[in-house]
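Reading the structure
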Amino acid sequence: MDNTIQLSEKDYISRGLHRKCYHHPSDLNKCIKVNYNDGAEEETNREIAYYKHLIRRNISFEALAKYYGSVLTNYGQGHVFELIRDYDGKTATSLEKYLADEKLTQQYYADLVISLKNLKSALLKNRIITMTIKSKNILFQHLSADKSRLIIIDNIGNSTLIPIANYISFFAKAKIERTWQRFLNSIVKENSNNRLITRLVDEVKQSS
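One structure accompanies this document, and this report is about it. (Residues numbered from 1 in each chain as written. Predicted model: local features only at pLDDT ≥ 70, side-chain atom pairs only at ≥ 80, totals over all residues. Heavy atoms only, no water.)

Considerations on the layout of surface pockets
A water-sized probe rolled over the atoms picks out the places where empty space is left. One number sums up the size of the largest pocket: a volume of about 810 Å³. As for the largest pocket, its lining consists of 30 residues, of which Ser14, Lys136, Asn137, Ile153 and Asp154 are closest to the centre. Put simply, the parts of the chain that give the lining of the largest pocket at least two residues each are β1 (12–15), β2 (19–23), β3 (30–35), β5 (76–82), β6 (93–94) and α2 (95–100). Residues that form the lining of the largest pocket fall into these classes: eleven nonpolar, eight polar and eleven charged. Approximately 250 Å³ is the volume attributed to the second largest pocket. Around the second largest pocket, the lining comprises 15 residues; the ones closest to its centre are Ser115, Asn118, Lys147, Ser148 and Arg149. Secondary structure elements with two or more residues in the lining of the second largest pocket: α4 (109–126) and β8 (147–152). A per-element tally of the lining of the second largest pocket places α4 first, with seven residues. Looking at side-chain class alone, the lining of the second largest pocket contains six nonpolar, four polar and five charged residues. (1 Å grid on protein atoms, 1.4 Å probe; cavity = no way out; pocket = protein on both sides within 12 Å on 5 of 7 lines; lining within 4 Å. Points joined across faces, edges and corners; volume = space filled by probe spheres on them. Helix = DSSP H or I, 4+ residues; strand = E, 2+ residues; numbered from the N terminus. Nonpolar A, V, L, I, M, F, W, Y, C, P; charged D, E, K, R; others polar.)

Take a look at the structure:
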């Protein structure tokens, strides 16, 4: 029996530097990422190995899309992840869009501050290492009309030759703090036309 999952362009969601993401044709709450260029395999293998490391540690996936394993598709090997949806069923939108649009930033200002603080807390609590943190790789998920959270969907893992931060809490937290500060700096730089961003980032930095 052939268990190959048949994907088509109607299932297509988006693409990153190395992978394309498709709706899972038989599960509304899952998506499948498939490599599409030669540089993808190393990055994908690193990310999947790190996901398995986190699963073995039994972390809470409050800040990460869940990983469900590999599948064979007509486009090659794929990896199945949680598809992040808002409470109304729509696919969640990237944080990047909320920060680039001053009206959206204003509308969700308080939620964004709280969600960013909660994201950092979750990364530290679960000792989740990321290569970088970019707003385009984070989804702003509306859990209800007045409750939201941020979910990282890409670029997790540790490329260090000897990944000591994966196993020792002190080094993990120091690495997360450095990556987080670079992320906040990048938010300000990338959204310089948005007059609310500097104040938002200053509020996120307070008590965090």
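Once you've had a look at it, read on.
Quick look at the sheet that holds β8
Pairing in this open sheet of three strands is antiparallel, and the strands run β6-β7-β8 from one edge to the other. Strands at the two margins of the open sheet, each flanked by one partner only, are β6 and β8. Inspection of the sheet shows β6 paired to strand β7 (residues 138–144) by two bridges, in the antiparallel sense. Bridge assignment links Thr93 to a residue of β7, and that residue is Phe140. Sheet strands touched by α4: β7 and β8. Its angle to β8, the strand with the most contacts, is close to 45 degrees. (Pairing = 2+ DSSP bridges. Contact = heavy atoms within 4.5 Å. Axes fitted to C-alpha atoms, helices over the stretch in contact; angles between N-to-C directions.)

Let's talk about helix α1 (residues 40–56)
With 17 residues, α1 should reach 24 Å at 1.5 Å per residue; the first-to-last C-alpha distance of 24 Å fits that figure. Taken together, the buried positions of α1 are occupied by Ala40, Glu43, Thr44, Arg46, Glu47, Ile48, Tyr50, Tyr51, His53 and Leu54. As for α1, its buried residues are in contact with β2, β3, β4 (67–73) and β5. Once α1 finishes, Asn58 follows within two positions and takes phi at roughly 60 degrees, a positive value. (Expected span 1.5 Å × (residues − 1). Buried < 20%, exposed > 50% of the residue type's maximum accessible area, 1.4 Å probe, protein only.)

Focus on the sheet that holds β5
An order of β1-β2-β3-β5-β4 is seen for the five strands of this open sheet, with the pairing classed as antiparallel. Of all the strands in the sheet, the pair left with one neighbour each is β1 and β4. Across the sheet, the mean angle from the axis of one strand to that of its neighbour is 30 degrees, orientation sign disregarded. For β4 and β5, the ladder comprises six bridges, and the chain directions are antiparallel. Bridging from a neighbouring strand, Ser70 pairs with His79 of β5. Sheet strands in contact with α1 are β2, β3, β4 and β5, and its direction is about 40 degrees off that of β5.

So yeah, pure geometry; function would need other evidence.
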